[in-house]
Amino acid sequence: MKFVVSSSELLRSVLTVQKAIPAKATEAILENYLFVLSGNKLEITASDKEITLRTELEVASVEEAGSIAVPARQVTELLKELPDQPLTIKNESDNSFSCAWASGESVLPCYNPEDYPVIKTTGEGANVASLSTTTLADGISSTVYASSDDANRPTMNSIFFDFKPDSTTLVASDLQKLICFNTKNVKAASDCSFILNKRHAGVIKSILGKEEEEVTITFDDKVAVFKFGQTTVICCLVAGKYPDYNAIIPKDTINTNVLNISRSQFLTTVRRIAVCSPKASNHIKFDLTAGCLEVSAQDLGFEIAAHEKIECQYEGDDLTIGFRSTHIVEILSNLSNENIIMKFADKRRSALILPSEEDAAADKVFGIVMPIMVR
């Protein structure tokens, strides 16, 4: 193998796939990038077997095609220290390759590309859906924080993608709160779904470009392939059945007590009052009456307390209900709407948080949060 490539373009490409290099590799070969040169296209792959990142770039000139596995850490660190200039890469032997630039050269080890694992992809009859990079990034950002941190429950440590011909919903939950991101900016031929590990979702979001592009998702029951621009992400999917989130969403006929309030004012008030909430439970209390919401917290162990009243629009029965302040803060912080609506049934049943009607957009995010008992 011998070719010439822009050092800055090569750096940009390896940084795109770098996140798939495992911190502790189960196989030494996985600590390498796989370079495959065909024609004037260089394909770069990195993988930990659960997630694979692959990108392609055009090289300036080619003398000999081929493939090698190169050490990811050394190659990345070398490229970071080089100014933009032509870089000549060639095999020196079966065990080494060289990178030559205008004023110097580095010789690094390389490995047999045949030792690199075969990356499984989707099989025949796979489902196909497409959406924009912006929609995918917004959907992941709006939901991933609500997923569980319990590695022993992989289905809840994930995001559920629920595709339908007219809309798509991304769902995440830790069983105490549930967030849904619903968008009509999607194309799917039929009802289909998959469960994506939240770490993989975070990696995908981090490499989505700022430019608007179409993302094509091809998936079966084991693998999902995300393709956008010159980049491909191959993810092993989470096996299992996701809970029926539609059955959990409160109905308007039950949650008839309705609070309409400024999201930013609500958020800052909860943050202030939560300073005095018990550290173990983060318990805060809402007292709702016509035209007024009082937020309070008390930690008897440290003899501290706080309360604050907010003017608001509230229609319904007088209600006292408790929540974990961390749940309320997380949901309100991840909504972008100016005003929100919070719907309650009673102090024991879950509350629904969603954008106010005048702020509701094509992409609608709403949350469900479980209360905790008020003593």
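It should be emphasised that the depicted structure is a prediction, and the values quoted were computed from it without experimental measurement.

Description of unusual backbone geometry
Here K49, not a glycine, exhibits a phi torsion of approximately 80 degrees, which is positive. Inspection of the secondary structure puts K49 in the loop between strand 3 (41-47) and strand 4 (51-58). Despite not being glycine, N282 shows a phi value in the positive range, around 50 degrees. Structurally, N282 is set in the loop between helix 6 (263-274) and strand 20 (283-289).

Things to note about the sheet that holds strand 10 (residues 127-132)
Pairing is antiparallel in the open sheet, where nine strands are placed in the order 6-2-3-4-18-17-16-10-14. With partners counted over all chains shown, the strands left at the sheet margins are strand 6 (66-71) and strand 14 (187-188), one partner each. Bridge count between strand 2 (residues 32-38) and strand 6: six bridges; the pairing is antiparallel. Directly across from L34, in strand 6, lies its bridge partner A69. Lying over the sheet, helix 2 (residues 72-80) contacts strand 2 and strand 6, oriented at roughly 85 degrees with respect to strand 6.

Some details on the pattern of salt bridges
Scanning the entire structure with this criterion turns up 15 salt bridges. The closest approach of N and O atoms between E308 and R272, which form a salt bridge, is 2.8 Å. Taken together, the residues E308 in strand 22 (residues 304-311) and R272 in helix 6 connect sequence positions 36 residues apart. Note on R272: relative accessible area 44%, which makes it partly exposed. Among the charged side chains, a network of salt bridges with common partners joins D174, K177 and E330.

Things to note about the environment of F181
Mapped onto the elements, F181 comes out in strand 13 (residues 177-183). On the accessibility criterion, F181 (2% relative accessible area) is buried.

A closer look at the packing of aromatic side chains
Each pair of aromatic rings is reported with the distance of its centres and the angle of its planes. Taken as a whole and assessed by the stated rule, the structure comprises 11 aromatic pairs. Pairing F163 with F194 gives two aromatic rings, centres 5.9 Å apart and planes at 40 degrees, and the pair type is tilted. Linking F163 in strand 11 (residues 158-163) with F194 in strand 15 (residues 192-197), this pair joins segments that are 31 residues apart in sequence. Accessibility assignment for this pair places F163 and F194 in one class, buried. Between F286 and F323, the aromatic rings sit 5.4 Å apart at their centres with planes inclined by 50 degrees, giving tilted as the arrangement. Of this pair, F286 sits in strand 20 while F323 sits in strand 24 (residues 319-324), placing them 37 residues apart in sequence. For the pair formed by F286 and F323, the shared burial category is buried. Through successive ring pairs, a cluster of aromatic residues spans F161, F163, F194, F219 and F226.

Scoring rules and cut-offs
Residues numbered from 1 in each chain as written. Predicted model: local features only at pLDDT ≥ 70, side-chain atom pairs only at ≥ 80, totals over all residues. Heavy atoms only, no water. Helix = DSSP H or I, 4+ residues; strand = E, 2+ residues; numbered from the N terminus. Pairing = 2+ DSSP bridges. Contact = heavy atoms within 4.5 Å. Axes fitted to C-alpha atoms, helices over the stretch in contact; angles between N-to-C directions. Salt bridge = Lys/Arg side-chain N within 4 Å of Asp/Glu carboxyl O. Buried < 20%, exposed > 50% of the residue type's maximum accessible area, 1.4 Å probe, protein only. Phe/Tyr/Trp six-rings, centres within 6.5 Å; stacked < 30°, edge-to-face > 60°.

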